[in-house]
Amino acid sequence: MNTRAKGAQKEEEVCAYLRSGGVKIVESNFRNRQGEIDLIGYDGDYLVFFEVKYRSGKSKGSAAEAVGFAKQKKICQVADYYRMLHHCAEDTPIRFDVVAVDGENVAWIKNAFNYISWH
């Protein structure tokens, strides 16, 4: 299985995992020219933007470590576009979570990073 197919398979597994945790997934692989957000959903009142990272081994570091500042900033840009496109109210609470999959271990890191202004 190639890397892209493995990533898609892991995203599907994470989607099921999040749903079992009460998240209502509303979008997957949301893209614009700035980048992509893997999953978007509601966890209670929060509109959550999920970054899913998978690492099969430790040679490239942990999955969570792969979501650096540049990636966080890009996610915030795409999230702003999503919120504008879907007319989300300004007072809608938002959160940026990372779901890190290292081998068979899944870690849902809620509020993994704060909003980064890119203006």
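Not measured: the values here are computed from a predicted model.

S.K.: Before we move on, could you go through the overall build of the protein chain and cite the residues and values that matter?
M.R.: In terms of regular secondary structure, the protein chain is built from 2 helices and 5 strands. Helices (α) and strands (β) of the protein chain occur, in sequence order from the N terminus, as α-β-β-β-α-β-β. The C-alpha radius of gyration computed for the protein chain amounts to 14 Å, which stays within 12% of the reference 14 Å derived for 119 residues, consistent with globular compactness. For the protein chain, the spread of C-alpha atoms along the principal axes amounts to about 40 × 30 × 25 Å. For the protein chain, with 119 residues in total, the buried portion stands at 42%. Carbon and sulfur atoms make up 47% of the accessible area of the protein chain, which totals about 7,000 Å².

S.K.: Which residues make up the packing of aromatic side chains, and what are the values?
M.R.: Both the distance between ring centres and the angle between the ring planes are used here to describe each pair of aromatic rings. As enumerated under the stated definition, the model contains 8 aromatic pairs in all. Between F96 and F113, the aromatic rings sit 5.1 Å apart at their centres with planes inclined by 20°, giving stacked as the arrangement. Taken as a pair, F96 in strand 4 (residues 94-102) and F113 in the segment after strand 5 (105-109) lie far apart in primary sequence, 17 residues in all. A relative accessible area of 6% means that F113 is categorised as buried.

S.K.: Tell me about the side chain of D43, and please be specific about residues and values.
M.R.: Of note, D43 is situated in strand 2 (residues 35-43). With relative accessibility at 16%, the residue D43 sits in the buried group. Of the polar contacts made by the side chain of D43, one reaches the side chain of R95; its length is 2.8 Å. Dropping the residues within four chain positions of it, D43 is found in contact with V23, V48, R95, W108 and K110.

Quick notes on the rules
- Residues numbered from 1 in each chain as written.
- Predicted model: local features only at pLDDT ≥ 70, side-chain atom pairs only at ≥ 80, totals over all residues.
- Heavy atoms only, no water.
- Helix = DSSP H or I, 4+ residues; strand = E, 2+ residues; numbered from the N terminus.
- Rg over C-alpha atoms; globule rule 2.2 N^0.38 Å.
- Buried < 20%, exposed > 50% of the residue type's maximum accessible area, 1.4 Å probe, protein only.
- Areas by Shrake-Rupley, 256 points an atom, 1.4 Å probe, with all protein chains shown as cover.
- Phe/Tyr/Trp six-rings, centres within 6.5 Å; stacked < 30°, edge-to-face > 60°.
- Polar contact = N/O pair within 3.5 Å; in protein donor to acceptor, adjacent residues only side chain to side chain.
- Contact = heavy atoms within 4.5 Å.

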